[in-house]
Structures are given as structure tokens and as C-alpha cells.
Amino acid sequence: MTRKTEVLVLGAGVIGLSCAYFLAKAGREVTILDQSWPGSGASHGNCGTITPSHAPPLAKPGMVAQALAWMARQDSPFYIRPRFDPVLWRWLWRFARRCNWRDFEQALAGKARLLLQSRRLLAELIRAEAIDCEYAERGHLTVFRDPAALAAFDWWPRALRSVGMQVNALDGAALRAREPCLRAEVVGGFDTPLDAEFKPDAYVGGLTQVVAALGVSFASQAEVQGFRVDGQRVAAVHTRAGEFAGEQLVLALGAWSPLLARQLGLELPVQPGKGYSITGPRPRRCPGVPIVCRERSVAITPWRERYRVGSTMEFSGYDTRLDRTRLDALLRGAAEYVEVEDWGEATVEEWFGWRPMTFDDLPIIGAAPGHSNLWLATGHGMLGMSMSAATGLLVADLVCGRPPQLDPEPYAPTRFHAGRNR
Ligand SMILES: Cc1cc2nc3c(=O)[nH]c(=O)nc-3n(C[C@H](O)[C@H](O)[C@H](O)COP(=O)(O)OP(=O)(O)OC[C@H]3O[C@@H](n4cnc5c(N)ncnc54)[C@H](O)[C@@H]3O)c2cc1C
């Protein structure tokens, strides 16, 4: 028997759930399915920061040299496992070609618009639906130990100001006045007042309940295995839990998206970018706001009873190992910036997740080329939590045929078919 619905959402991560939320709010009958349970993928153990300030894309002049320098170190924040993988090498080549200021500015503008709208929508959604997820609007600090690295980072506040975001430069003494647990070696950094944070698993759990209360049906343990296609229509989805069909389908499978999209003839340039996190009980001395330890690329997020350190970008395919060297590097890196004598004594969780990375650092949102009832919502990279609400609203606008509140053009899946993005 085929279970039929108006809109079938594939993948119950933060992106699929946000799409389901805004579609249900628009009066659509929605079913959402997942191979596991809602929020079990990258949306679980990430750093939970909502960061419009991370709008500057990864691809910028100098990035290739920086990445090569990082590759030489075992415990660096960036790593590519050497192997024969033409799809990955093509992805890296396309990324390298975007390391110029023109592409940087184009991606910056597209990311900033989505992040700013999402920041506002997340605050509204969490308040309106009373989701208890430790949401806080306290701003974040980005801190440096190396004066030369701080001086070379001058492009970052410039980029943020160019898209209307506030960023304040602070010297070491001003930073320590804000956060007394910062070490004397911290020489300076930035405060980004618009940034916020929440507990990602609590947010996703709360959103799951809200979406269910709106009448959305869930199918867990329903791994998508294949599709039945009728001309340009995706007529049915075969899963471990039986067959499902939707008048419209939204593919929101995070880092797994290219594996399933390939079966529909779509080549999505999405690579799994593996990251790690360690969660522990809140230490006696703990920062009051999230801190990015810049040279080590380690992020620290404090919550009421827990803290988390997370980071690293590893291109090792769909590798499921927890790498001890990289996990240890997180706490060691954080300890270079923050006095953390009782950190790491009792670990609650060690985790990895696959970020769905596009080479242009923009998500893929919109109608799937060559299909009449398939929509894509994937490729959110390092910022899926931050971009989730605006993505959900944009997908709902597009699926419902409403004029979109946000120009969808920068995120259109068709951008990979033309010109410089090929
Ligand atoms: C270490 C780390 C730190 C991060 N920190 C932040 C942060 O501070 N702020 C931020 O904004 N972002 C952060 N991110 C990025 C963020 O976690 C992701 O961008 C986001 O979770 C992606 O959401 P998603 O719904 O697209 O993917 P996922 O959450 O991975 O969801 C995809 C879902 O699809 C399901 N699925 C896969 N294959 C199938 C199948 N065949 N059939 C059915 N279901 C399937 C999976 O089970 C999963 O639930 C971080 C990521 C990492 C790894």
C-alpha cells in the first residue's frame, strides 16, 4: 500500500523539520520521513550557534595556501583523507576556482540575506511556539592569540559591515573584562552582537513536537532506498517502511542528499564535511557567551548545565570513525585561549556529524531541474541551524506558489548548470 500525502519531506534534520513547519503553517498536509529519528544527523551535536557573522564564505583569496598549510599537521582543523575520489577532487577544484574576491562577495551577499532573515524568524518561531532550547541573544566573541593573525583578519569586519552587520573590535584587556576566563595570551578579537545560540538537540526536539502538533505525520526508520519516476514526476518513494507518495516532494537529506539525488539523475555538488564535538558538564569557570578561538578554529558554546567544544573540517567521505587525535585537539585548542582546569574531566558525549558542504558555500534551495514535483533543500554546510528557518519559509513559499519573501536566485539548483559554477 502506498501512503499518500500532499507534501512528502525526505529527511527530518533541522532543514526538513523547518520545511515541514512552514508548509504545515501554510495549510499543507505533510509527511516527513527519516532513516533514523528526527534530528539524528548533523542537527544533533553541532555547536548550536546562530551566526549571521559567519556570512563570509570559506572560499576567499589565500584559502588554498592556508588549507595546504593545515594539511601538514595531524591535529589541524582541516584535513583531506588522501584517496582516489574524482568527485571530491572536482569539488575541491571548483572550490579553489572561487577563491577570489568577486565570488567571495557574491556568496557573502547571498549568505547574509538568508542568515539575517533566519535569525529574525528563529527568534519569532522559538518565542511563538515556546520551544525550551536555551535560546539566548548575547552576541559572540571571536578571539586571537597571534597579533599577526588578528591583523590579517581585517577583511572580516570589513565584509560584515559591507552587508550591514555590526562588529566591534576589542583588545585583550576589553575581552578579559567581558570574559574573565580568557587567558592573558589573548591579544584581541571581535564582538558580534547579532549572534545568538541555542541547544541544537533541544531545539530540534521541540520543533519536532510543534510540527507533530500541527498535524504533520512522521515515519521514522524509513530509509529511502529508491524512487518510482513517471516522466518528470517522482511518483513514489521506496523506503524500508514501505512506499510513500507526495503531490510535491522536498529532498532535505543533508550530507546524504547527493547519494539519493543521483538515483533521480541529479548531480548535487555536496560533500560530507566531517566535524566533531565534545560535550561535558558546565565547568566551574565557564565563558558566558560562545567563543570562537580563531587560529585553532575551535568553537566553545556554554549552556545552563553543559558546555560544548566543536569544530574541524575533514573530507574523508562517509567515514564513521571518531578520530581521537581530532577530538583531543578540540579541548587542547580551547585550552590555549580559555582557563579550563576542570574541562574534559567528565565527558557527556563525543560526537561527529557530516555537514552538507557545497563548493560555493551557498545552500541549494528550489525546484529540482528536470522534475515537475521535486524541491531541494540541502547543502547548508556549516550553517544549517542558522539558516534553517529562512530555508523552511522559502521552500513553503515556492511549493505553495506564493511570492517568495526572499529572492531565491542565489540558492537556485540551476546555478550549477551554467557559466563559472560548472
Ligand atoms: C561539528 C559541527 C558543528 C556545527 N555547528 C553549527 C553551528 O554552530 N551553527 C550552525 O548553524 N550549523 C552548525 N553546523 C552545521 C549544521 O549542523 C548542519 O548544517 C545542519 O545540521 C544540516 O541540517 P540538515 O537537516 O540539512 O541535515 P541533517 O541534520 O544531517 O539531516 C538529514 C537527515 O536525513 C536523514 N537521512 C539520510 N539519508 C536518508 C535516507 N536514505 N532515508 C531517509 N532519511 C535519510 C538523516 O537520518 C538525517 O536525519 C555544525 C556541524 C558540525 C558537524
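Calculation rules
- Counting restarts for each chain: residues are numbered from 1 in the order of the written sequence.
- Two thresholds apply to this predicted model, a pLDDT of at least 70 for residue-level local features and 80 or more for giving and counting side-chain atom pairs, whereas whole-chain, interface and lining totals are computed over all residues.
- Strands here are runs of E lasting at least two residues and helices are runs of H or I lasting at least four, both read from the DSSP assignment and numbered beginning at the N terminus.
- Taken over C-alpha atoms, the radius of gyration is set against a globule rule of 2.2 Å times the number of residues to the power 0.38.
- Comment: burial labels come from other C-beta atoms within 10 Å of the residue's own C-beta, placed from the backbone, where a count of 20 or more is buried, 12 or fewer is exposed, and between is partly exposed.
- Any pair of residues counts as being in contact when their C-beta atoms, constructed from backbone geometry, are within 7 Å of one another.
- By definition, a residue lies near a molecule or strand provided its backbone-derived C-beta atom is within 6 Å of it.
- The nonpolar class holds Ala, Val, Leu, Ile, Met, Phe, Trp, Tyr, Cys and Pro. Asp, Glu, Lys and Arg form the charged class, and all remaining residues, Gly among them, are polar.
- By definition here, a helix of n residues has an expected span of 1.5 Å times n minus one.
- Throughout, an axis means a line fitted to C-alpha atoms (over the contacting stretch in the case of helices), and angles, computed between N-to-C directions, take values from 0 to 180 degrees.
- Any angle between 65 and 115 degrees counts as roughly perpendicular, while under 35 counts as roughly parallel, over 145 as roughly antiparallel, and the rest as oblique.
- Here a crossing is called left-handed whenever its near helix is offset anticlockwise from the far helix by less than a right angle, and right-handed whenever the offset is clockwise.
- It is the directions from the helix axis to the C-beta atoms that the arc portrays.
- Think of a nonpolar core as buried Ala, Val, Leu, Ile, Met, Phe, Trp, Tyr and Cys residues chained together by C-beta atoms that fall within 7 Å.
- DSSP calls a pair of strands paired once it identifies at least 2 bridges connecting them.
- Per residue, pLDDT measures the predictor's confidence, with a range of 0 to 100.

## Quick word on the overall build of the chain
On a plain count of helices and strands, the chain comes out with 11 helices and 19 strands. Taking 422 residues into account, the globule formula puts the C-alpha radius of gyration at 22 Å, and the chain, at 21 Å, falls close to it. Projected onto its principal axes, the C-alpha coordinates of the chain cover approximately 65 × 45 × 40 Å. Counting only residues that meet the buried cut, the chain has 49% of its 422 residues in that class. Long-range pairs, those at least 24 residues apart, make up 77% of the contacts in the chain with a sequence separation of at least 6.

## Considerations on the site of the ligand
The local shell around the ligand holds 42 residues, among which Gly13, Gly41, Gly254, Gly275 and Gly384 are the closest. Mapped by element, the contributors of at least two residues to the shell around the ligand are α1 (14-25), β13 (270-281), β17 (349-358) and α11 (384-399). Class assignment of the residues belonging to the shell around the ligand gives a composition of 18 nonpolar, 21 polar and three charged.

## Concerning α1
For α1, with 12 residues, the first-to-last C-alpha span of 16 Å sits near the 16 Å given by 1.5 Å per residue. Among the 12 residues that make up α1, 11 are buried, leaving the element largely enclosed by the rest of the structure. Regarding α1, the residues found buried are Val14, Ile15, Gly16, Leu17, Ser18, Cys19, Ala20, Tyr21, Phe22, Leu23 and Ala24. Buried-residue contacts for α1 involve β1 (2-10), β2 (30-33), α8 (200-213), β12 (242-251), β19 (374-378) and α11.

## Thoughts on the packing of α1 against α11
With their axes 7 Å apart at the nearest point, α1 and α11 run at an angle of 40° to one another. If you check the angle between α1 and α11, you find them oblique. The way α1 lies across α11 gives a crossing that is right-handed. Each of Val14, Ile15, Ser18, Cys19, Tyr21, Phe22 and Leu23 in α1 lies in contact with α11, whose residues at this interface are Gly384, Met385, Ser388, Ala389, Thr391, Gly392, Leu393, Val395, Ala396 and Val399.

## Thoughts on helix α10 (residues 324-335)
With 12 residues, α10 should reach 16 Å at 1.5 Å per residue; the first-to-last C-alpha distance of 17 Å fits that figure. Among the residues of α10, Arg326, Leu327, Ala329, Leu330, Gly333 and Ala334 are the ones counted as buried. Here the buried residues of α10 occupy an arc of 155° about the axis, which is enough to place them on one side. Summarising the geometry of α10, the exposed residues directed more than 90 degrees from the buried face are Arg324 and Thr325. Each element contacted by the buried residues of α10 is listed here: β13, β14 (291-293), β15 (298-302), β16 (306-315) and β17.

## A word on the nonpolar core
The nonpolar side chains of a soluble globular protein tend to be buried, and buried together. Core analysis: the biggest nonpolar cluster contains 86 residues, and Val9, Leu10, Cys19, Ala20, Val250, Leu251 and Val395 have the highest contact counts within it. In this view, Val9 contacts Gly16, Cys19, Ala20, Val30, Ile32, Val250 and Ala252; residues no more than four positions away in its chain are not counted. The next biggest cluster of nonpolar side chains, apart from the first, holds 27 residues, and it includes Cys47, Tyr276, Ile300 and Val340.

## Focus on the environment of Leu264
Within the fold, Leu264 resides in the loop between α9 (257-261) and β13. Taking the C-beta count within 10 Å as the criterion, Leu264 has 17 such neighbours and is therefore assigned partly exposed. Sequence-wise, Leu264 and Leu398 are 134 residues apart; in three dimensions their C-alpha atoms are separated by 21 Å. Sequence-distant contacts of Leu264, that is, excluding residues within four places in its chain, are made with Phe227, Val229, Val234, His371 and Leu374.

## What to know about the packing of helix α4 (residues 101-128) against α11
Following both chains from N to C, one finds α4 and α11 inclined at 90°, their axes separated by 7 Å at the closest point. Between α4 and α11, the angle falls in the class roughly perpendicular. Contact with α4, carried on its side by Leu114, Leu115, Gln117, Ser118, Leu121, Leu122 and Leu125, involves Ser386, Met387, Ser388, Ala389, Ala390 and Leu393 of α11 and no other residues of that element. When its residues are assigned to classes, the contact of α4 with α11 shows nine nonpolar, four polar and no charged.

## Quick word on unusual backbone geometry
Notably, Ser297 is not glycine yet its phi reads approximately 55°, a positive angle. With respect to the helices, strands and loops of the structure, Ser297 is situated in the loop between β14 and β15. Among the residues examined, Ser297 registers 17 C-beta atoms within 10 Å and is labelled partly exposed. Despite not being glycine, Thr312 has its phi angle at roughly 70°, a positive value. Along the chain, Thr312 turns up in strand β16.

## Overview of the pairing of strand β10 (residues 224-230)
With six bridges joining them, β10 and strand β11 (residues 233-239) adopt antiparallel strand pairing. Across the sheet, Val229 pairs through a bridge with Val234, a residue of β11. Counting the residues in the hairpin turn of β10 and β11 gives two residues, including Gly231, whose phi is positive at 65°.

## Here's the deal with the confidence of the model for the chain
One rule of thumb: low pLDDT means the predicted coordinates there are not for detailed reading. For the chain, the average pLDDT comes to 96, and 99% of its residues sit at 70 or higher. Mean pLDDT across the secondary structure elements of the chain bottoms out at helix α2 (residues 63-71), with 87, and peaks at α1, with 99.

## Description of the environment of Thr279
Structurally, Thr279 can be placed in strand β13. Sequence-distant contacts of Thr279, that is, excluding residues within four places in its chain, are made with Gly45, Arg306, Arg308, Val348 and Glu349.

## Comments concerning the pairing of β16
Most of β16 is tucked away: eight of the 10 residues are buried. Inspection of the sheet shows strand β4 (residues 78-80) paired to β16 by three bridges, in the parallel sense. Pairing of Phe78 across the sheet is with Met313, part of β16. Direction of pairing for β13 relative to β16: antiparallel, over a ladder of seven bridges. Its bridge partner lying in β16, Tyr276 is registered against Ser311. Bridge analysis of β15 against β16 gives five bridges, and the strand direction is antiparallel. Bridge pairing in β16 places Pro302 opposite Tyr307. Hairpin connection from β15 to β16: three residues lie between these consecutive antiparallel strands.

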